[in-house]
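# Survey of secondary and tertiary structure
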Amino acid sequence: MENRRNIYFYHKRDSDMLSKVAPLVDIANRYGFTIVTDYRNANIIASVGDDGTFLQAVRKTGFRDDCLYTGISTEDNLSMYCDFRINDRSKMIDAIVTNENIKVRRYPLIEVEVDGQGTFPCLNEFSIRSSIIKTLVVDVYIDQLHLETFRGDGLIVATPTGSTGYNKSVNGSIVDPLLPCMQVSEVASVNTNNYRTLGSSFIVGSERTLTLKVISEGNDHPTMGMDNEALSIRHVEKISIKISDKKLKTLKLKDNSFWEKVKRSFL
């Protein structure tokens, strides 16, 4: 981290948050960091808030693979993406001074292409849901193989780090981020004698391409989400999803592994 001295703080710009961030700016200045106001000039991007803020910080700054991201929680409890508490400045100073208890962890990303209108990266998950009171019908392909025709409220395609979020709420599995893969989970699937899906989540390896083809049955304007933001494309026919060649580099505490976070959050 010695060569990374330009830091950008991402946070809400209201007066309350500015007062909370002020001591962090003082610490950064005291230990020789340069505070930049344009994220494009940064090589460290620090999110101040919660996991939602961290996801926004990553998206708003373009999923940069040439800098480090870190999360600073404004709450008493740490979260999946936040390794530091805003009021526990001693740990931040120790991390800056010694570098002994920090490491760089690389998290898999997925890339989503919608009808050839561009590629959109996601750190947590991509979701597609019915926008009306009617089931969504989607043909699901793995590479060139037609796996199933899904009928239900929607589908979630999650990264390993995203497996603890929306994916887990629909009984998807928690996946170790050391595995570069994506998980597909159903939201309220219809399973009868006439319609059948796997009825469980499944995990797709890094060399695979997942394709979702929306069947037009009066419901071809689904709601799509990337992490915690809606995708502003209305009509959709074909979605291709794969593991990105890039990984997000995050600055983490060595004694705060993914599985320690899982235990702290859910057990």
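Being a predicted model, the structure only gives us computed values, none of them experimental. (Residues numbered from 1 in each chain as written. Predicted model: local features only at pLDDT ≥ 70, side-chain atom pairs only at ≥ 80, totals over all residues. Heavy atoms only, no water.)

### Structural notes on the packing of aromatic side chains
A complete count under the given rule lists five aromatic pairs for this structure. Pairing Tyr 81 with Tyr 107 gives two aromatic rings, centres 6.3 Å apart and planes at 65°, and the pair type is edge-to-face. Here Tyr 81, found in the loop between strand 4 (68–73) and strand 5 (84–85), pairs with Tyr 107, found in strand 6 (residues 102–114); they are 26 residues apart in sequence, far enough to count as distant. For Tyr 81, a relative accessible area of 3% puts it in the buried group. Classification of Tyr 107 as buried rests on a relative accessible area of 4%. (Phe/Tyr/Trp six-rings, centres within 6.5 Å; stacked < 30°, edge-to-face > 60°. Helix = DSSP H or I, 4+ residues; strand = E, 2+ residues; numbered from the N terminus. Buried < 20%, exposed > 50% of the residue type's maximum accessible area, 1.4 Å probe, protein only.)

### Some remarks on the nonpolar core
Membership of the largest hydrophobic core comes to 29 residues, with the highest contact counts inside it found for Phe 126, Leu 212, Ile 239 and Ile 241. Among the elements that take part in this core, strand 9 (residues 136–142) stands out by supplying four residues, more than any other. Within the second largest apolar cluster, 19 residues are counted, among which are Ile 44, Met 92, Ala 95 and Leu 251. (Core = buried A, V, L, I, M, F, W, Y, C linked by side-chain atoms within 4.5 Å.)

### Remarks on the pairing of strand 11 (residues 181–189)
Extensive coverage of strand 11 is indicated by the burial of seven of its nine residues. Where strand 10 (residues 145–158) and strand 11 come together, six bridges link them in antiparallel fashion. Bridge pairing links Gly 154 to Val 187 in strand 11. Where strand 11 lies against strand 12 (residues 202–205), four bridges are found, and the strand directions are antiparallel. By the bridge assignment, Gln 183 is partnered in strand 12 with Ile 203. (Pairing = 2+ DSSP bridges.)

### Examining a nonpolar patch on the surface
A surface patch of nonpolar side chains, about 270 Å² in accessible area, is lined by Leu 145, Leu 147 and Leu 198. Along the chain, Leu 147 turns up in strand 10. (Patch = residues over 30% accessible without salt bridge, like charges linked within 9 Å, V, L, I, M, F, W, Y side chains within 5 Å. Areas by Shrake-Rupley, 256 points an atom, 1.4 Å probe, with all protein chains shown as cover. Salt bridge = Lys/Arg side-chain N within 4 Å of Asp/Glu carboxyl O.)

Interpretation note: all reported values are geometric properties and have no functional meaning in isolation.
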